[in-house]
Amino acid sequence: MSAVLFAANWKMHHGPRAARALAQAVLAGTKPVADRLLLFFPPAVSLPAVVEAVRGRTDAAVGAQNIHWEPKGAFTGELSALLAMEAGATWTLVGHSERRHKFGETDDETGLKVRAALGAGLRPMLCVGETLQQRTDGEKENVVRRQLEAGVGALGAEELARVAVAYEPVWAIGTGVNATPADAAAMHRTIREWFARRGAPAAGCSVLYGGSVSPENAAALLAEEELDGVLVGGASLTAESWLRIVATPRAGR
Ligand code: PGA
């Protein structure tokens, strides 16, 4: 049975000192268990501090929030997969909706980033999800399939097994309005079907839900067996709130 992933996306919050303290508090408040993986996505500048905090914990890993697809060069302000690895990251987010919608990241760029991540040995977590307009237009499945196609469509089955997907409807991120557990589960099935058609082992693909996950709704969301975990922004910024989410019991796992 695969581990449940609890991924904390700290966005542009917490410099090295605060990030280390928060990671330490979360780790001190949890026992390492084999069926749970804690993932921390701090700002790039805080990667080494959080890597240091999780050292020795087999149930925790650290990732970058974004990478560039080139290995090095004249790309001021960017972070390559190799640099993230050197800082101790083992994961990276790719195509977070804020990257797509606030920084104009294209579908094609997500594909380049996923390949760069895998090439360097980082596990990519591709974020997908529709806007409210796309949902209203009845286009949500098509949008997500298109994002999967562009992000990971060129990969073989073995590489696909190293990819995680976070379904994060844009309208749910930071709004306090989460997708219903049933809606999230339905989209997770669509994502799994897409992976299965590519020959990826169904159990190999972790699909997380993100978008206004809170201590209050985490149990209902994680009661859906289609959800392999949650990607959490706002509610992962304090130890108190994040520990309540991480403690969510998972029936049957
Ligand atoms: P939120 O953010 O939990 O604050 O909605 C989720 C995310 O952006 O990954």
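Our structure's up above, just so we're on the same page.
Before going into details, it helps to say that this report is about the structure given with it. Sequence positions are assigned chain by chain, starting from 1 and proceeding in written order. This being a predicted model, a pLDDT of at least 70 is required before a residue's local features are given, and a value of 80 or more before pairs of side-chain atoms are given or counted; all residues contribute to the totals for chains, interfaces and linings. Side-chain metrics in this entry use all non-hydrogen atoms of the structure; hydrogen atoms and water are not considered.

Below, the discussion takes up the overall build of the protein. A count of helical and extended segments in the protein gives 11 helices and eight strands. The globule rule puts the C-alpha radius of gyration for 253 residues at 18 Å, and the 17 Å found for the protein is close to it. Taken along its principal axes, the extent of the C-alpha atoms in the protein is 45 × 45 × 35 Å. When each of the 253 residues of the protein is scored for burial, the buried share is 52%. Only heavy atoms matter for contacts: two residues are in contact if any of them lie within 4.5 Å across the pair. By sequence separation, contacts in the protein at least 24 residues apart represent 72% of the contacts at least 6 residues apart. Reported accessibility uses the Shrake-Rupley method at a 1.4 Å probe radius. Residues are deemed covered only where the shown protein chains occlude them. Accessible area for the protein stands at about 11,000 Å²; split by element, carbon and sulfur atoms hold 54% of it. Helix and strand assignments come from DSSP, with helices taken as H or I runs of at least 4 residues and strands as E runs of at least 2, each series counted from the N terminus. Here the globule rule is a power law, 2.2 Å times the number of residues to the power 0.38, and the radius of gyration is based on C-alpha atoms. Think of it in three bands: with a 1.4 Å probe and only protein chains considered, a residue is buried below 20% of the maximum accessible area for its type, exposed above 50%, and partly exposed in between.

This next bit is on the environment of Thr 110. Looking at the element boundaries, Thr 110 is found in helix H5 (residues 107-120). For Thr 110, a relative accessible area of 0% puts it in the buried group. As for Thr 110 and Arg 192, which are separated by 82 residues in sequence, their C-alpha atoms are 19 Å apart. Residues within four places of Thr 110 in sequence aside, it is in contact with Val 94, Gly 95, Arg 100, Glu 105, Leu 126, Ala 150 and Gly 151.

Attention now goes to the site of the ligand. For this description, a residue counts as near a given molecule or strand if any of its non-hydrogen atoms is within 4 Å of it. Taken together, 13 residues lie near the ligand, and Lys 11, His 96, Glu 168, Gly 174 and Ser 212 sit nearest. Here a polar contact is taken to be a pair of N or O atoms separated by no more than 3.5 Å, where protein atoms must pair a possible hydrogen donor with a possible acceptor and residues adjacent in sequence count only if both atoms sit in side chains. A distance of 3.5 Å is found between an oxygen atom of the ligand and a side-chain nitrogen or oxygen belonging to Asn 9. Between Ser 212 and the ligand, the recorded distance is 2.8 Å, taken from a backbone N or O atom to an oxygen atom. In isolation the ligand offers 280 Å² of accessible surface; the protein chains occlude 95% of this area. By the convention adopted, Pro, Cys, Tyr, Trp, Phe, Met, Ile, Leu, Val and Ala count as nonpolar, Lys, Arg, Asp and Glu as charged, and the other residues, Gly among them, as polar. Across the shell around the ligand, the residue classes tally to four nonpolar, seven polar and two charged.

Turning to the packing of helix H7 (residues 140-152) against helix H9 (residues 181-197), a few remarks are in order. The angle between two axes is taken between their N-to-C directions and runs from 0 to 180 degrees, where each axis is a line fitted to C-alpha atoms and a helix contributes only its stretch in contact. Relative to each other, H7 and H9 sit at 40°, their axes nearing to 10 Å. It follows that H7 is oblique to H9 by the angle criterion. For the pair H7 and H9, the sense of crossing is right-handed. In contact with Lys 140, Glu 141, Val 144, Arg 145, Leu 148, Glu 149 and Val 152 of H7, H9 contributes Met 187, Thr 190, Ile 191, Trp 194, Phe 195 and Arg 197. For classification purposes, angles smaller than 35 degrees are called roughly parallel, those larger than 145 roughly antiparallel, those between 65 and 115 roughly perpendicular, and all remaining angles oblique. In this scheme the crossing of two helices becomes right-handed for a clockwise turn of the near helix relative to the far one and left-handed for an anticlockwise turn of less than a right angle.

With that settled, consider the nonpolar core. The set of buried Ala, Val, Leu, Ile, Met, Phe, Trp, Tyr and Cys residues whose side-chain atoms join them within 4.5 Å is what this entry labels a nonpolar core. With 65 residues, the main nonpolar core has Phe 40, Leu 148, Val 152, Ile 191 and Phe 195 as its most contacted residues. One finds Leu 37, Phe 41, Cys 127 and Ala 166 within the second-largest nonpolar core, a separate group that totals 14 residues.

Our next topic: the pattern of salt bridges. Salt bridges are counted wherever a side-chain nitrogen of Lys or Arg sits within 4 Å of a carboxyl oxygen of Asp or Glu. Taken as a whole and assessed by the stated rule, the structure comprises 15 salt bridges. In this structure, Asp 107 engages Arg 100 in a salt bridge whose closest nitrogen and oxygen atoms are separated by 2.9 Å. Comparing Asp 107 with Arg 100 shows no difference in burial state: the two are buried. The closest approach of N and O atoms between Asp 228 and Arg 192, which form a salt bridge, is 3.0 Å. Highlighted residues: Asp 228 in the loop between helix H10 (218-222) and strand E8 (229-232) and Arg 192 in helix H9, separated in sequence by 36 residues. When its relative accessible area of 6% is taken as the criterion, Asp 228 is described as buried.

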